[in-house]
Amino acid sequence: MKILFLGDVVGISGRSMVLSNLLSKIKNEKIDFVVINGENAADAGMGITEEVCKDLFNCGVDVITTGNHVWDQKETMSHIEKENRLLRPKNLFEPSPGRGFGIFTAKNGMNIGVLNLMGNVFMKKCEDAFEAAEKFIKKYELKVDYDFLLVDFHAETTSEKVAMGHIFDGKATLVVGTHTHIPTNDARVLKGGTAYQTDAGMCGDYDSVIGMNKDNSINKFLKKKSTKHFAATGDASLCGVIVECDIETGLAKKVENFIYGGELKNSQ
Ligand code: FE2
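Residues numbered from 1 in each chain as written. Predicted model: local features only at pLDDT ≥ 70, side-chain atom pairs only at ≥ 80, totals over all residues. Heavy atoms only, no water.

Caption draft 1: A look at the side chain of Ser208. Relative to the helices and strands, Ser208 is located in the loop between strand E9 (195-197) and helix H6 (214-221). Overall, the relative accessible area of 16% leaves Ser208 in the buried class. At 2.8 Å, the side chain of Ser208 and the backbone nitrogen of Gly211 are in polar contact. (Helix = DSSP H or I, 4+ residues; strand = E, 2+ residues; numbered from the N terminus. Buried < 20%, exposed > 50% of the residue type's maximum accessible area, 1.4 Å probe, protein only. Polar contact = N/O pair within 3.5 Å; in protein donor to acceptor, adjacent residues only side chain to side chain.)

Caption draft 2: Representation of the packing of helix H1 (residues 11-29) against helix H2 (residues 50-58). Running from amino to carboxyl end, H1 crosses H2 at an angle of 25°, the nearest separation of the two axes being 9 Å. Relative to H2, the element H1 lies roughly parallel. From H1, Arg15, Val18, Leu19 and Leu23 reach across to H2, where they touch Val52, Asp55, Leu56 and Asn58. Among the residues making up the contact of H1 with H2, the classes are represented as five nonpolar, one polar and two charged. (Axes fitted to C-alpha atoms, helices over the stretch in contact; angles between N-to-C directions. Parallel < 35°, antiparallel > 145°, perpendicular 65-115°, else oblique. Contact = heavy atoms within 4.5 Å. Nonpolar A, V, L, I, M, F, W, Y, C, P; charged D, E, K, R; others polar.)

Caption draft 3: Broad picture of the coordination of the iron ion. Looking at the iron ion, the protein donor atoms are Glu39 (OE), Asn68 (OD1), His154 (NE2) and His179 (ND1), and they sit 2.0 to 2.2 Å from it. Around the iron ion sit four donor atoms, and with donor-metal-donor angles ranging over 86 to 167° the site reads as irregular. Written as a sequence motif, the donor arrangement for the iron ion is E-x28-N-x85-H-x24-H. Remark: His154 occurs in strand E6 (residues 148-154) and Asn68 occurs in the loop between strand E3 (63-65) and helix H3 (76-82); sequence separation between them is 86 residues. The burial state of Asn68 is the same as that of His154; both residues are buried. (Donors = N, O, S within 2.8 Å, 3.2 Å for Na, K, Ca; no water. Tetrahedral: all angles 85-135°; square planar, octahedral: opposite > 155°, others 65-115°.)

By themselves, these observations are geometric and do not establish any function.
In structure tokens:
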């Protein structure tokens with residue numbers, strides 16, 4: 001049983017790389033379930049649209065997670081109510097449209113829980129991520145409520161992400177960070193059997209500033225005149241993790257950093 005998690009897809013270039021490569025990767029790597037963070041997948045790199053969701057589902061994505069940019073496209077507030085494969089962070093203030101957790105069926109018939117949480121440091125205000133995690137752990141159990149559990153923790157700081165990995169150790173198949181758009185080199189199976197990586201990295205053009213046009217972003221930092229923020233358009237790299245799962249325990253046997261194509265291709 002193999003699960004692929006892909007980090008934040010950014011703009012047209014990130015999306016087209018996913019659309020043209022994912023189906024062959026699923027076949028070649030014998031992937032049973034795919035989760036992708038899609039909160040930057042719309043053309044400009046902000047939010048996600050119904051059409052973009054459809055394209056991602058059609059090319060093999062099973063579930064789309066999000067984060068602080070979830071509502072950047074107004075249509076998402078109504079679309080998320082109809083599309084249960086699109087998640088928003090579970091710890092958004094209630095009432096919020098949509099859901100932050102779901103149980104889905106993989107191609108091989110196994111049940112996969114997917115939980116989306118958002119960090120509290122340098123992020124939009126939301127409920128405490130760690131209280132939300134504790135509540136979740138009290139309510140749900142691996143191998144009772146689902147065969148496998150994936151947690152996308154959309155957060156800015158590495159300390160929050162590592163702590164969340166340890167909290168779910170032995171209780172989730174994978175805890176992976178998103179949002180910072182740079183893949184970290186710490187993929188490992190934690191002591192209790194949970195696969196972990198601090199940030200999956202983005203699926204986007206790395207000749208950029210975290211997926212956005214680099215000249216424009218640099219001008220902003222230099223406080224010079226800049227145009228509206230827009231996504232970089234060069235060749236994208238696909239970044240994420242592949243987890244080999246233990247069907248008996250629901251935990252991870254092995255986790256590997258996955259990087260393909262674009263600027264980062266040489267690090268494969
Ligand atoms: Fe984000």
